[in-house]
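So you can see what is in the structure, the chains are spelled out below.
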Amino acid sequence: MSGKRSQTTRHTRSPLPTSIEEPWSRRLKESRARFVVRPGRAVCLAIVVGAAVLSGIVLWASCRSAAEAAAVPDDILRTLRPGHPRLYVLNDELPGVRQQLASDALVRTWHGHLQGEARKILGAPVVEHKLVGPRLLDQSRKALHRISTLAGLYRLDGDRRYAERARQEMLAAAAFPDWNPPHFLDVAEMTNALAIGYDWLFDFLSAADRAAIRRAIVEKGLREGQRAYTKRDSWTQARHNWNPVCNGGMAAGALAVADEEPELAREILARTKGSIAIAMRSYAPDGGWPEGPGYWGYATRYNVFYIAGVRSALGSDFGLVRTPGFAQTGEFRVHIMGPTGRAFNFADADEQPSTASQMLWLAREFRRPLYAEHERRTAGRHPDIFHLFWSAPPAAGPTPEPELPRDAVFRGSDVAFLRSAWGDPKAFYLGFKGGDNQANHAHLDLGSFVLDALGQRWAIDLGKDSYSLPAYFGKNRWSYYRLRTEGHNTLVIDGENQDPAAHAPLVAFLSTPERSFAVADLSQAYRSRAERVLRGIALLDGRRVLVQDEVRVREPAEVVWNLHTRAQIAQHDGRAMLSQGSARLEARILEPAGAQFEVISASAPPPQAQQPDVRNLIVRVPARAAETRIAVLFAAPDGSSPNLSLEPLSAWLNQAKLSH
């Protein structure tokens, strides 16, 4: 769960919307101009008076070098916005939010839900220092949700009850003995929570309140971060979600207290600037995220927090917004959700996706209205305060964009998506992955897939198990059913897990109206038994799905094909009829001849998660053959499925091979 490399990104200033730049940045630019010129003149004058004997050439060179030295951007706080609030959302943006509330029915609905949530918070106990296993994270997230909701609504509505309750939450958290630095996510999210409250409610808080909250941000948050950067804790070099979450929390705390703690803030911000660039490289080249949809949401939320925070407070995003793949990462979020509304929840992710207000920020930043439209359909009754603050479209209006392609491949994470149509809840949809078993939060699931059709999800991913299971992230990880190879919709050879160090690249991808497919090379995953393993998944005519595997083993071995489903199953003569409600989908074994379906349990012994409604539909190759081809076709049982002639996967590769 750690990375090895560090990279520093140059400090550059990106253009900001007019509402953010004026009038503050105009005054800042003017003061910069005065600052650049006047010190140079002063030095020149001193040289003339005290060293008149110098030649004109030397004098000119000295003047120029002094003026240039004065312009060197050596202080990260030199552009700090004076006063508060300065984090994420500025006061001059609030009229636009209120205008959106007045004109947009959905935003008004979100506002009503958040007001209802705030009223519930008023009657609940404040956060407490209570660990769950090794984590305080539940309380940190509760504090962040409560404080941002209450303080944000106070800024919009002026209801002092909300500000007062946010104050109580902050003082309660500030009084904790610590924020659990051994699990640094807890520190980061609590620091972000109190930074937001301190910044947004600065004028509401008394001097004593500010001092207590500021002291906690510094001692329980930033000093712990300072120690972590000095020791080069793993998250400071990582390319996974810990990096942006921890750096985002530290940056928010530093920006909030920068007036009173400038030296500490400078150090923290300089450290975060270089560190977070490492993790943002994970978006390259096309916006995918190897940790799956759940941790895409967590990481991207904090990458956006970081960029939005330094931009609103310092007037610069340090060039991070131009990181390759970042502008496209909203497409990953859109593709990863099927027509049933469920995500392709590989890695430690849930099938029901969380909301992602950062999609609204991405839509504004990159002028991609598709991102905002998708989030508006997804957020439903579970908005957060940033759904309100980032709901307004770009000042210049949206940029028209073509409809997203039905099919997509994300090379950085080796995931492909195939679908028959957008906007049709009964469309066929496949999420298919190769990937890397060493990716953070990965399961041993190379080659796994999910399938939506006819308004139902037929092939499911069971998702994560409880993080509180013994050594869930340690020595026991590959013993748990939901993380083992047998717990996924892929192949098991001789009953063994895939190699935990294996990588499975996608080696072919085609997208046409008649036929779309992707092929993964799974050979590394089974290298202890097999010489070559390929899996191809195809969507044919938008209404049939073919899963084709080709396995060549060194010695004869048993190969088992797995599919987890909530459907009822009736099987007969190489066919299985899957039914959910009135929807039916037929699975038919095309090869090998004589193979039959079996249904086995998909549950493991407690305390592992139980799923009695899930069945594992399997195919056992009848002979322990050295070379095996397994082909299974899914189609609606309407009698319209034409005969299918199988081609070897080498022909698929010849047609649409991906370069590496």
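Because the structure is a prediction, the values reported are computed rather than measured. (Residues numbered from 1 in each chain as written. Predicted model: local features only at pLDDT ≥ 70, side-chain atom pairs only at ≥ 80, totals over all residues. Heavy atoms only, no water.)

Caption draft 1: Representation of the nonpolar core in the model. Counting residues in each nonpolar core, the largest one holds 124 residues, and the members touching the most others are Tyr88, Leu194, Phe326, Phe389 and Trp390. No other element matches helix α13 (residues 292–314), which puts 13 residues into this core. Contacts of Phe326, omitting those with residues within four sequence positions, involve Met280, Tyr283, Asn303, Val304, Ile307, Leu320, Val321, Trp361, Leu362 and Phe366. Judged by nonpolar contacts, the second largest core, of 52 residues, contains Phe449, Leu539, Val553 and Ala587. (Core = buried A, V, L, I, M, F, W, Y, C linked by side-chain atoms within 4.5 Å. Buried < 20%, exposed > 50% of the residue type's maximum accessible area, 1.4 Å probe, protein only. Helix = DSSP H or I, 4+ residues; strand = E, 2+ residues; numbered from the N terminus. Contact = heavy atoms within 4.5 Å.)

Caption draft 2: Representation of the packing of aromatic side chains in the model. In total, this model carries 32 aromatic pairs according to the counting rule given. By the ring-pair criterion, three or more aromatic residues cluster together here, those being Tyr88, Trp200, Tyr295, Tyr298, Tyr302, Phe305, Phe386, Phe389 and Trp390. Against the face of Trp200 rests Arg155, its NZ or CZ located 5.1 Å from the ring centre. Cation over ring: Lys273 sits above Phe318, and NZ or CZ is 5.1 Å from the ring centre. (Phe/Tyr/Trp six-rings, centres within 6.5 Å; stacked < 30°, edge-to-face > 60°. Lys NZ or Arg CZ within 6 Å of the ring centre and 35° of its normal.)

Caption draft 3: Expanded view of the packing of helix α15 (residues 358–366) against helix α16 (residues 369–379). Look at α15 against α16: their axes get within 7 Å of each other, and the N-to-C directions meet at 160 degrees. Considering their axes alone, α15 and α16 lie roughly antiparallel with respect to each other. Taken as a pair, α15 and α16 cross one another with a handedness that is left-handed. Between α15 and α16, the contacting residues are Met359, Leu360, Leu362 and Ala363 on the first element and Tyr371, Ala372, His374 and Glu375 on the second. When its residues are assigned to classes, the contact of α15 with α16 shows 6 nonpolar, 1 polar and 1 charged. (Axes fitted to C-alpha atoms, helices over the stretch in contact; angles between N-to-C directions. Parallel < 35°, antiparallel > 145°, perpendicular 65-115°, else oblique. Left-handed = near helix turned anticlockwise from the far one by under 90°. Nonpolar A, V, L, I, M, F, W, Y, C, P; charged D, E, K, R; others polar.)

Caption draft 4: Geometry of the pattern of salt bridges. Inspection of the entire model under this criterion finds 39 salt bridges. Linking Asp159 and Arg161 is a salt bridge whose minimum nitrogen-to-oxygen distance equals 2.8 Å. Linking Arg566 and Glu351 is a salt bridge whose minimum nitrogen-to-oxygen distance equals 3.3 Å. Placement of the pair is Arg566 in the loop between β13 (559–565) and β14 (568–572) and Glu351 in the loop between α14 (329–335) and α15, with a sequence separation of 215 residues. A single network of salt bridges, built from pairs that share partners, joins Arg342, Glu351, Arg566 and Asp613. (Salt bridge = Lys/Arg side-chain N within 4 Å of Asp/Glu carboxyl O.)

Caption draft 5: A look at the sheet that holds strand β5 (residues 449–453). Strand order in the open sheet made by the 5 strands is β1-β2-β3-β5-β6, with antiparallel pairing throughout. With partners counted over all chains shown, the strands left at the sheet margins are β1 (408–410) and β6 (456–459), one partner each. Each strand of the sheet is rotated relative to its neighbour by a mean of 15 degrees, with strand direction disregarded. Across 5 bridges, the pairing between strand β2 (residues 415–419) and strand β3 (residues 429–433) is antiparallel. Bridge assignment links Ala416 to a residue of β3, and that residue is Phe432. (Pairing = 2+ DSSP bridges.)

Caption draft 6: Region of the structure containing the sheet that holds strand β9 (residues 506–511). Spatially, 8 strands are ordered β9-β10-β11-β12-β19-β16-β15-β14 in an open sheet, and the strand pairing comes out antiparallel. The open sheet has two edge strands, β9 and β14, and neither has a second partner. Neighbour-to-neighbour, the strand axes of the sheet open up by a mean angle of 15 degrees, direction not taken into account.

Caption draft 7: Here's a closer look at the pairing of strand β19 (residues 627–635). Counting buried positions along β19 yields 7 of 9 residues, so the element is predominantly enclosed. Sheet topology note: the strand β12 (residues 544–553)/β19 ladder contains 9 bridges and is antiparallel. Opposite Leu546, over in β19, you have Leu633 as the bridge partner. Where strand β16 (residues 583–591) meets β19, 5 bridges bridge the pair, whose relative direction is antiparallel.

Caption draft 8: Representation of the packing of helix α11 (residues 242–256) against α13. Relative to each other, α11 and α13 sit at 25 degrees, their axes nearing to 8 Å. In terms of orientation, α11 and α13 fall into the roughly parallel class. When the axes of α11 and α13 are compared, the crossing they make is left-handed. Each of Pro244, Val245, Asn247, Gly248, Gly249, Ala251 and Leu255 in α11 lies in contact with α13, whose residues at this interface are Tyr298, Ala299, Tyr302, Asn303, Tyr306, Gly309, Val310, Ala313 and Leu314. Looking at the contact of α11 with α13, its residues break down into 11 nonpolar, 5 polar and no charged.

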